[in-house]
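Residue-level structure breakdown
Read off the chains here:
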Amino acid sequence: MGSATALAPGLSRKLKKVLETRTDSADLLASLNTLSTFYTENTAHARRNLRSTIEKRGLSVNEEFLAASSSAQQALDQVEEEVNALAASCDVIAKVLGECNATTGDLISTTERLKQELETTTQRQEIASCFLRDYQLSNDEIKALREEDLSENFFKALAHVHDIHANCKVLLRTHHQRAGLDLMDMMSVYQEGAYERLCRWVQAECAKLGDQDNPEVSELLKTAVRCLMARPVLFKYCAEEVANMRHNTLFRRFIGALTRGGPGGLPRPIEVHAHDPLRYVGDMLGWLHQALASERELVLALLYPDSNAETGAIATRFSQIPGHDDRKADPELKFVLGRIFEGVCRPFKIRVEQVLQSQPNFIISYKLTNTLEFYSHTISDLLGSETALWNTLLGLKDAAQKTFFDMLRTRGEKLLRYPPLVAADVSPPPALKEGVSMLLELIETYDSMMVPMSARKPAFEPVISALLDPIIQMCEQAAEAHKSKGVVQTSRRNRTSSDTAQLRRSSIDAILDNGSGALPSKTRETPARIFLINCLCAIRQPLFGHEVASEYVNKLSSMIENHIHGIIEAELEAILKRCGLSTKMSLFHDSLKEVESGESQLPLAERDDTSPATLSECLKTFFGLILGSENTLPEFELMQVPSLRSEACHQLAKSIADSYEVIYKAIMEPGNQYPDPRSLARHPPDQIRTILVGC
């Protein structure tokens, strides 16, 4: 039964194929759409004849295609006929050309040979032209070098000679050495003749420039000079010619500026101001500086045109010639400028020396020194050192400086020869005030002096020393003379009630008072020292705030401190001697040292000089001085600087208190065996210090 219902294998495959067919594919849909255009009825007959219907449809489509392409087929047939005819014509032409080629073969080979020979000849002609261009001068160039006036053509030809000479050096490296040597000899002849001619022309042109005050240098002359730089000897001749011409011209201009002035009398002659040394010398230096700038510009433009920014093409070519070294320009420039300014050195030096011989005052002499110092550095920067003008300025500066210091030395010697008398109030002498005023003016001049960037200000300490040292020595001589007379002149100044430092009674005044004639003779040096302190303070005070005098101010301060210390020692010695304690202080000090070292000693109480009775009388006098009632301060009142006067009083009080402290310790020391030490030293040191010092 199962076998009866099974399908045949072929039918099964067909059904399976039909079932597996995709009905949504694009090809199937397109085929069905096309089939629907002519398959209109779905009948059994139509289905049986479907294949034949499709074949008929295909046959009709092919027939339509053939009918549509028949015209194109006819056109292609016509083209084929024409192509065949063209091929036949080409065959005929090829046959004719073959016949012509056979007859003209010799002519073509000859033509090819001649063409190759023409190319070879052309190459040889180009090589010969290049050789003539690089190794030979044209007739026009030879004429320009030898016959024509100097122009651009001359320099172009000369530049060509240099190029040929350089090319010959290259030729010598090849196997054409003989030709290179011959060409170099020929070019050397042209070159030397051209340079000699060029040198004569440049010398003639430079001679013309010497007749003008402010000449203009032409570009042709600049180019000629640049060419001559390749010949150092010829260039040196031309530079010397320029220097000699400008030397004479500058000398005439300087003398004219001194005596005649400018055109029409303006500016006025410099010698009109000969009565004013500072302006006279300054005008001459200013004229020389201006002339140096203009002459330097002229020499640079003429002899060293490479220093200018713009140069021509030919000039640039000559600047590249071997042997042309710009580094040599600077010393050569200074040599030429130095030669130009040699002529003005003598008249300038004579006039400045006349000014110095007229003995101007201190200030003018110092200003002249500074002016010459400034211009010596300025001109050295432009002209260089070791030139005649620089040496002249340096010598004049030294002469002015020597004149200035000679005047200071003469003044100092005069002051030392005739020292003034010390005034009653021990005030500084007028010569000191005059010297300080002069120094302040010199400092003002020094601070305002001009200094070039390449230089530094000269040292001012020698000026201060030369001016003030003799004044200080004069004051010291006056003080010594005053002290040697043995006269103590006291002057007491009335102090007003507004002086708060003196409202209270001064214990130091009480110590120093108690009779005008009671002071020992050693205090006679106190007025002399106070005189020196007043003089040193009068010098130091105006110098505060001036940096150039700071070291000297420190020196003065040290001297003042030494004199104050001397006054304190002298006054302390006088007070102790008056109390009878002066000779005993060494015993007190030795006693304390022996106690500290633990050595055995003779008790002070057993010595005659330091016995209790003697020491009691001395201390009684000492305490009596401290409890004095007068309110005057001899000698110290003569100090004109209140701060120093107060400092001296304070230091003296402190020294007295320190001395009493030594005495007190020696008395209280048990080893000195004083029976009742507190009855001798009734007041402790702190109390005495408070009474004297106030602290």
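Residues numbered from 1 in each chain as written. Predicted model: local features only at pLDDT ≥ 70, side-chain atom pairs only at ≥ 80, totals over all residues. Heavy atoms only, no water.

**Overview of the overall build of the protein**
The criterion, for reference: Counting from the N terminus, the helices are the DSSP runs of H or I reaching at least four residues and the strands are the DSSP runs of E reaching at least two. For accessible areas, the Shrake-Rupley method is used with a probe of radius 1.4 Å. Any residue's cover is judged against the shown protein chains and nothing else.
What the protein contains, in helices and strands, is 26 helices and 0 strands. Carbon together with sulfur atoms contributes 53% to the accessible area of the protein, which is approximately 40,000 Å² in total.

**Let's talk about unusual backbone geometry**
Look at Glu386: it is not a glycine, yet its phi comes out positive at around 60 degrees. As for its placement among the helices and strands, Glu386 is situated in the loop between helix H15 (362–383) and helix H16 (388–417).

**Concerning the pattern of salt bridges**
Once the charged atoms of two side chains with opposite charge are near each other, the side chains can pair. Under the convention used in this document: Should a side-chain nitrogen of Lys or Arg be within 4 Å of a carboxyl oxygen of Asp or Glu, the pair is scored as a salt bridge. Whether a residue is buried, partly exposed or exposed follows from its accessible area with a 1.4 Å probe, protein chains only, as a fraction of its type maximum: under 20%, in between, or over 50%, in that order.
Applying the stated rule across the entire model yields 20 salt bridges. Where Glu205 meets Lys208, a salt bridge forms, and the shortest distance between an N and an O atom there is 3.5 Å. With Glu205 and Lys208 both in helix H8 (residues 177–209) and 3 residues apart, the pair spans about one turn of that helix. Here Asp406 and Arg409 are joined by a salt bridge, their closest N and O atoms 2.7 Å apart. Of this pair, Asp406 and Arg409 both sit in helix H16, 3 residues apart, roughly one helical turn. The buried category is assigned to Asp406, whose relative accessible area is 19%. By sharing partners, the salt bridges in this structure join Lys654, Asp658, Glu661, Lys665 and Arg689 into a single network.

**Comments concerning the packing of helix H17 (residues 430–448) against helix H20 (residues 525–543)**
Convention followed: To get an axis, a line is fitted to the C-alpha atoms, and for a helix only the part in contact is used. The angle between two axes follows their N-to-C directions and goes from 0 to 180 degrees. Note that the term roughly parallel is reserved for angles under 35 degrees, roughly antiparallel for angles over 145, roughly perpendicular for angles of 65 to 115, and oblique for everything else. In this scheme, a crossing is called left-handed if the near helix is turned counterclockwise away from the far one by less than a right angle; it is called right-handed if the turn is clockwise. Residue contacts follow a heavy-atom distance rule, with two residues in contact if any of their heavy atoms lie within 4.5 Å. Charged means Asp, Glu, Lys or Arg here, nonpolar means Ala, Val, Leu, Ile, Met, Phe, Trp, Tyr, Cys or Pro, and polar covers whatever is left, Gly included.
Contact geometry for H17 and H20: axes closest at 10 Å, N-to-C directions at 20 degrees. Taken together, H17 and H20 sit at an angle that is classed as roughly parallel. Our pair here, H17 against H20, has a crossing hand that is right-handed. Across from Leu432, Val436, Leu439, Leu440 and Ile443 in H17, the residues of H20 making contact are Cys535, Ala538, Ile539, Pro542 and Leu543. Counted by class, the contact of H17 with H20 contains 10 nonpolar, no polar and no charged residues.

**Observations regarding the nonpolar core**
What counts here: Grouping buried Ala, Val, Leu, Ile, Met, Phe, Trp, Tyr and Cys residues that are joined through side-chain atoms within 4.5 Å yields what is termed a nonpolar core.
Residues Leu442, Phe460, Phe531, Ile539, Leu543, Leu581 and Leu619 are the most contacted members of the largest nonpolar core, which totals 89 residues. When residues of this core are assigned to their parent elements, the largest contribution, 13 residues, is made by helix H24 (residues 642–668). In this structure, Leu619 is in contact with Leu581, Tyr660, Ile663, Ile667, Leu680 and Ala681, ignoring residues within four places of it in sequence. One finds Leu198, Leu209, Leu221 and Leu396 within the second-largest nonpolar core, a separate group that totals 77 residues.

**Concerning the confidence of the model for the protein**
Cut-off, in case you're wondering: Values of pLDDT, which run from 0 to 100, indicate the predictor's confidence residue by residue.
Across the protein, pLDDT averages 82, with 87% of residues at or above 70. Ranking the elements of the protein by mean pLDDT puts helix H19 (residues 507–512) last with 42 and helix H14 (residues 342–357) first with 94. Per-residue pLDDT stays below 50 along residues 487–522; that stretch engages in 77 contacts with residues further than four places along the chain or on separate chains. Below pLDDT 50 for its whole length, residues 630–634 participates in 23 contacts with residues either more than four positions away or in separate chains.

**Digging into the environment of Ala613**
Considering the arrangement of structural elements, one finds Ala613 in helix H23 (residues 612–626). Residues Ala613 and Leu680, 67 residues apart in the sequence, show an inter-C-alpha distance of 9.0 Å.

**Side note on a negative patch on the surface**
Going by this rule: For patches, a residue must show more than 30% relative accessible area and have no salt bridge; joins then use 9 Å for like charges and 5 Å for nonpolar side chains, namely Val, Leu, Ile, Met, Phe, Trp and Tyr. Here Asp and Glu are counted as negative and Lys and Arg as positive; His is not counted, and neither are the chain ends. By convention, the point assigned to a charge is CZ for Arg, NZ for Lys, CD for Glu and CG for Asp.
Together, Asp77, Glu80, Glu81 and Glu82 make up a negatively charged patch on the protein surface. Of note, Glu82 is situated in helix H5 (residues 50–135).

**Overview of the packing of aromatic side chains**
Applicable threshold: By convention, a stacked pair of Phe, Tyr or Trp rings (six-membered ring in the case of Trp) has centres within 6.5 Å and planes under 30 degrees apart, an edge-to-face pair has planes over 60 apart, and any other such pair is tilted.
Going through the model one piece at a time under the given rule, you end up with 11 aromatic pairs. Summarising the aromatic geometry, the rings of Phe374 and Tyr375 are spaced 5.2 Å apart at their centres and angled 80 degrees between planes, so their arrangement reads as edge-to-face. Like Phe374, the residue Tyr375 is buried in the burial classification. Centre to centre, the rings of Phe404 and Phe405 are 5.3 Å apart; their planes meet at 70 degrees, and the pair counts as edge-to-face. By relative accessible area, Phe404 is classed as buried at 1%. With a relative accessible area of 22%, Phe405 lands in the partly exposed category. Members of the aromatic cluster, joined through ring pairs, are Tyr366, Phe404, Phe405, Tyr446 and Phe460.

**Considerations on helix H2 (residues 9–20)**
Formally: An expected span of 1.5 Å times one less than the residue number is assigned to each helix.
Helix length check: H2, at 12 residues, gives a terminal C-alpha distance of 16 Å against a target of 16 Å (1.5 Å per residue), a fit within 8%. Among the 12 residues that make up H2, 0 are buried, leaving the element largely open to the surroundings.

**Some points on the side chain of Asn370**
Considering the arrangement of structural elements, one finds Asn370 in helix H15. The class of Asn370 is buried, set by a relative accessible area of 7%. Residue contacts for Asn370: discarding those within four places in its chain leaves Thr445 and Met449.

**A closer look at the state of the cysteines**
Here is the rule we go by: Whenever a pair of cysteine sulfur atoms sits within 2.5 Å, that pair is classed as a disulfide.
Across all of its chains, the model carries 0 disulfides by this definition. Cysteine Cys238 is unpaired, with the sulfur of Cys199 as its nearest cysteine sulfur at 3.9 Å. Relative accessible area serves as the criterion here: at 1%, Cys238 is assigned to the buried category.

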